[in-house]
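Results of the structural survey
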Amino acid sequence: MVQRWAALLRASIGRKLLMSLTGLALIGYLIVHLAGNLQIFAGEGGEAFDAYARALEENPLLPLAEVALAALFVAHIALGLRTALANREARPRRYKELASHGRRNPASMSMLVTGVIVLVFLVIHVIDFRILPRHPEGLAATVVRRLATPVGAAIYLVGVAALGLHLWHAFQSSLQTLGVNHPRYTPAIKKLGFALALLLAVGFASFPVASLAWPDLVRKAGESARAGPEPAAPIEAPAEPAR
Ligand code: HEM
């Protein structure tokens, strides 16, 4: 069994196969993550999102899911770096030829660059929300506070833009590696990959954009909790005495 895995990892097609499978699983995670995060916009004060985060944290299977998720990321990144290095060592000229013939789109040429940017973003992101202390008002308030500064928003926007470019090429390339390649379906798969990448990038970008541009829209998360009870009705001016 161990020998089979070792042989699979030694062969470049084996590495590509595992990279495709782990990449598709990570796309699945991103769709679920985005759907969960969109609850920040639901309701008045981010309660829906906070309740969702609490339910997740109380689930006894969470530590297991986190280990599996970390393993997926580590495997995908290690395989990606290994493949990129092997390709560069083996065929530096072929890369230039392909590039000069315009057979690769900007996304495919920049897979390594966008992958590394997403990796740096991911490290910052996990420190932001899993390591640094949370805002006392809850996770929704923490998200808004972190993203509502120009630097915070810029980091997240660059990260999700790189993610979009990465996924644009990644989706159709993974399916091709897995053998889903047919003149009739490939154009549709490419369009689907582009739509998916755009949807995820725009969806994730909505959090820094909303936090920065319309703080009240999301900051209700923190402010409704802080505002306390409704203010008392204004005291009416005494009626003028009748003449
Ligand atoms: C830009 C918008 C994003 C926001 C607002 C956001 C928000 C969050 C929050 C609040 C958490 C902590 C969840 C909790 O502790 O219950 C989290 C965790 C995480 N996020 Fe994001 N996220 C964003 C984008 C991304 C992207 C683009 C990726 C991947 C490339 C990603 C990967 C992760 C991972 C791996 C975790 C840790 C999961 C865990 O340990 O349970 N996030 N995110």
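Residues numbered from 1 in each chain as written. Predicted model: local features only at pLDDT ≥ 70, side-chain atom pairs only at ≥ 80, totals over all residues.

**A word on the overall build of the protein**
Scanning the protein from N- to C-terminus turns up eleven helices and zero strands. Mapped from its N terminus to its C terminus, the protein presents α and β elements in the order α-α-α-α-α-α-α-α-α-α-α. Taken over 243 residues, the protein has a buried fraction of 23%. Counting only contacts in the protein whose residues sit at least 6 apart along the sequence, the fraction spanning at least 24 positions is 81%. (Helix = DSSP H or I, 4+ residues; strand = E, 2+ residues; numbered from the N terminus. Buried ≥ 20, exposed ≤ 12 C-beta atoms within 10 Å, placed from the backbone. Contact = placed C-beta atoms within 7 Å.)

**Topic: helix α10 (residues 186-213)**
In a regular helix each residue adds 1.5 Å, so 28 residues correspond to 40 Å; α10 covers 39 Å between its end C-alpha atoms and thus fits that length. Along α10, the helix axis deviates most sharply at Ser206, where the bend reaches about 30 degrees; the proline Pro208 sits within four residues downstream. Considered for burial, the residues of α10 that qualify are Gly193, Ala197, Leu200, Ala201, Phe204, Phe207, Pro208, Ala210 and Ser211. (Expected span 1.5 Å × (residues − 1). Bend = angle between axes of the 7 residues up to and from the residue.)

**Quick notes on the site of the ligand**
Around the ligand lies a shell of 21 residues, among which Ala53, Phe129, Tyr156, Phe204 and Phe207 are the nearest. Elements represented by at least two residues in the shell around the ligand include exactly α2 (12-37), α3 (47-58), α4 (62-90), α7 (111-131), α8 (139-147), α9 (150-177) and α10. The class makeup of the residues in the shell around the ligand is 15 nonpolar, three polar and three charged. (Near = placed C-beta within 6 Å. Nonpolar A, V, L, I, M, F, W, Y, C, P; charged D, E, K, R; others polar.)

**Brief notes about the nonpolar core**
Counting 26 residues, the largest nonpolar core has Ala140, Val143, Leu163, Leu167 and Phe207 as its most contacted members. Put simply, the parts of the chain that give this core at least two residues each are α3, α8, α9 and α10. By residue number, the principal contributor to this core is α9, which donates ten residues. Not counting residues within four places of it along the chain, the set of residues in contact with Leu167 comprises Ile27, Leu196, Ala197 and Leu200. (Core = buried A, V, L, I, M, F, W, Y, C linked by C-beta atoms within 7 Å.)

**A short note on the confidence of the model for the protein**
In the predicted model, the protein carries a mean pLDDT of 82, and the fraction of residues at 70 or more is 79%. Averaged pLDDT values for the elements of the protein fall to 51 in helix α5 (residues 92-100) and rise to 95 in α7. Counted against residues more than four places away or in other chains, residues 224-243, with its pLDDT under 50, gives five contacts. (pLDDT = per-residue confidence, 0-100.)

**Thoughts on α3**
Helix length check: α3, at twelve residues, gives a terminal C-alpha distance of 16 Å against a target of 16 Å (1.5 Å per residue), a fit within 8%. Within α3, the full set of buried residues consists of Phe49, Asp50 and Ala53. The arc enclosing the buried residues of α3, seen along the axis, measures out at 100 degrees, which places them on a common side. Exposed residues pointing more than 90 degrees away from the buried face of α3 are listed as Arg54, Ala55 and Glu58. Structurally, α3 contributes buried residues whose contacts are with α8. (Arc of directions from axis to C-beta.)

**Section: the environment of Lys190**
Along the chain, Lys190 falls in helix α10. Using a count of 18 C-beta atoms within 10 Å as the deciding quantity, one classes Lys190 as partly exposed. For Lys190 and Ala170, which are 20 residues apart along the polypeptide, the C-alpha to C-alpha distance reads 9.8 Å.

**A word on the packing of α8 against α10**
Where α8 contacts α10, the axes come no closer than 8 Å and their chain directions differ by 75 degrees. In this view, α8 runs roughly perpendicular relative to α10, as classed from their interaxial angle. Contacts between α8 and α10 involve Val143, Val144 and Leu147 on the former and, on the latter, Phe207, Pro208, Ser211 and Leu212. Considered class by class, the residues forming the contact of α8 with α10 number six nonpolar, one polar and no charged. (Axes fitted to C-alpha atoms, helices over the stretch in contact; angles between N-to-C directions. Parallel < 35°, antiparallel > 145°, perpendicular 65-115°, else oblique.)

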